[in-house]
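What the coordinates show
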Amino acid sequence: KRHHHYETGTYKPSVSFVPADEYARALDILVKGCVDILLTDESRQRVILGLRKHEPAMGDWWYIGGRMRCGETIEETAVRHVKRDI
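Residues numbered from 1 in each chain as written. Predicted model: local features only at pLDDT ≥ 70, side-chain atom pairs only at ≥ 80, totals over all residues. Heavy atoms only, no water.

**Quick look at the overall build of the protein chain**
In plain terms, the rule: Counting from the N terminus, the helices are DSSP H or I runs at least four residues long and the strands are E runs at least two residues long. Think of it in three bands: residues with accessible area under 20% of the maximum for their type are buried, residues over 50% are exposed, and the middle band is partly exposed, with areas taken using a 1.4 Å probe on protein chains only. Whether two residues are in contact is decided by their heavy atoms, any of which lying within 4.5 Å being enough. Note on areas: Shrake-Rupley, 1.4 Å probe, and residue coverage restricted to the protein chains presented here.
Looking only at helices and strands, the protein chain features two helices and six strands. In the protein chain, the succession of α and β elements from N to C terminus is α-β-β-β-β-β-β-α. Taking all 86 residues of the protein chain together, 19% fall into the buried category. Taking as baseline every contact in the protein chain between residues at least 6 positions apart, the subset at least 24 positions apart corresponds to 51%. Total accessible area on the protein chain is roughly 7300 Å²; 58% of this is exposed by carbon and sulfur atoms.

The following block contains the structure:
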């Protein structure tokens, strides 16, 4: 299954990780795919926000969402973050 953000062939999940210092450098220089979800109540009169538990903006009310994982679709990312935060 080919995703819009993974164009070099068939995605194969990996259980290996890059060392923490290399990952930190990558976060500083690479674009990270993120998804934000705008949830409303049934009447569409109110927006449902989450209280952030992590930096940046810890303690602020924010849209639900976050980073995509390699191989995920936008929809899969959205579902994962809603399940995590609600």
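**Regarding a nonpolar patch on the surface**
Note the threshold: Only residues whose relative accessible area exceeds 30% and that take part in no salt bridge are eligible for patches, with like-charged residues grouped when within 9 Å of each other and nonpolar side chains (Val, Leu, Ile, Met, Phe, Trp, Tyr) grouped when within 5 Å. Here, a salt bridge means any Lys or Arg side-chain nitrogen found within 4 Å of an Asp or Glu carboxyl oxygen.
A contiguous nonpolar surface patch, about 730 Å² in accessible area, is contributed by Leu-38, Val-47, Leu-49, Leu-51, Trp-61, Trp-62 and Tyr-63. With respect to the element layout, Trp-62 can be found in strand S5 (residues 61-62).

**Thoughts on the pairing of strand S1 (residues 34-37)**
Heads up, the rule is: Paired strands are those between which DSSP finds at least two bridges.
Burial along S1 is one-sided: the face carrying Val-35 and Ile-37 is buried and the face carrying Cys-34 and Asp-36 is not. Bridging between S1 and strand S6 (residues 64-67) involves four bridges; their strand directions are antiparallel. Paired with Val-35 across the strands is Gly-66, a residue of S6.

**Topic: the environment of Lys-12**
Tracing the backbone shows Lys-12 in the segment before helix H1 (20-29). Residues Lys-12 and Gly-71, 59 residues apart in the sequence, show an inter-C-alpha distance of 8.2 Å.

What is shown is where atoms sit, not what they do.
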